[in-house]
Amino acid sequence: MPHYARNGREPLIRLALLKPFQGRLRIGEVLRGQSIIMVSKAKKTVALPAVVDLDSLDAIRDGLLDAVEDGSVSVAADGVQRVSTNALFMLISAAGTAQRNNFDFTILQPSAAMTAAIERLGLGAQFKGMMR
């Protein structure tokens, strides 16, 4: 059921972004504001733990979100001993977000275990441009 403006006639649209945000925009209304300028800050590094599984994904996701919002990101993956499929998809998603924001996203020195998992799942093409 749609929500209506105070006059009871105009339906409102609720907006949602990656982080919780509630705003209202009337149908047909145009958003007006100043132009957006992206400023590149220093590259942030997110270090992956030895075991990247479902238990560690929330903390890694939060770190990646904060880093991707601020600028270019490097992911230190040299100590990874085991990685879940969900974690690999999360890294692909974070790389896509960084690319849309015109920021670099690199995975530094992926371990043999991580590289093997990527190849075993057939994700080599998705990771090819980001691994250094």
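This section reports on the structure supplied with the text. (Residues numbered from 1 in each chain as written. Predicted model: local features only at pLDDT ≥ 70, side-chain atom pairs only at ≥ 80, totals over all residues. Heavy atoms only, no water.)

Before going further, it helps to spend a moment on the sheet that holds strand E6 (residues 73-76). The strands that make up a sheet pair up through hydrogen bonds in the backbone, lying either parallel or antiparallel. Strands sit in the order E4-E6-E8 across an open sheet of three strands; the sheet is parallel. Edge strands, defined here as strands with exactly one partner in the open sheet, are strand E4 (44-47) and strand E8 (105-108). Sheet twist, expressed as the average angle between the axes of neighbouring strands with direction ignored, equals 25 degrees. Pairing analysis gives four bridges linking E6 to E8, with the strands arranged parallel. Opposite Ser-74, over in E8, you have Thr-106 as the bridge partner. Sheet strands in contact with helix H2 (residues 85-100) are E6 and E8, and its direction is about 140 degrees off that of E8. (Pairing = 2+ DSSP bridges. Helix = DSSP H or I, 4+ residues; strand = E, 2+ residues; numbered from the N terminus. Axes fitted to C-alpha atoms, helices over the stretch in contact; angles between N-to-C directions. Contact = heavy atoms within 4.5 Å.)

Turning our attention to the pairing of E6. Burial along E6 is two-sided: the face carrying Val-73 and Val-75 and the face carrying Ser-74 and Ala-76 are both buried. As paired strands, E4 and E6 are joined by four bridges and run parallel to one another. Across the sheet, the residue bridging to Lys-44 is Val-73, located in E6. (Buried < 20%, exposed > 50% of the residue type's maximum accessible area, 1.4 Å probe, protein only.)

Ranked by size, the top nonpolar core spans 29 residues in total, and within it Leu-48, Leu-64, Leu-91, Phe-105, Ile-107 and Met-114 carry the most contacts. Listing elements by their share of this core, those giving two or more residues are helix H1 (54-70), E6, H2, E8 and helix H3 (112-120). The element best represented in this core is H2, accounting for seven residues. Beyond its immediate sequence surroundings of up to four residues, Ile-107 is in contact with Val-75, Ala-77, Leu-91, Met-114, Phe-127, Met-130, Met-131 and Arg-132. (Core = buried A, V, L, I, M, F, W, Y, C linked by side-chain atoms within 4.5 Å.)

Turning to the environment of Pro-49, a few remarks are in order. Along the chain, the position of Pro-49 falls in the loop between E4 and strand E5 (51-52). For Pro-49 and Gln-81, which are 32 residues apart along the polypeptide, the C-alpha to C-alpha distance reads 8.4 Å. What Pro-49 contacts, discounting residues up to four positions off in sequence, is Ser-56, Ile-60, Gly-79 and Val-80.

Mapped onto the elements, Ser-72 comes out in the loop between H1 and E6. Within the structure, Ser-72 has its side chain in polar contact with the backbone nitrogen of Asp-104 (distance 3.2 Å). (Polar contact = N/O pair within 3.5 Å; in protein donor to acceptor, adjacent residues only side chain to side chain.)

Structural measurements only, silent on function.
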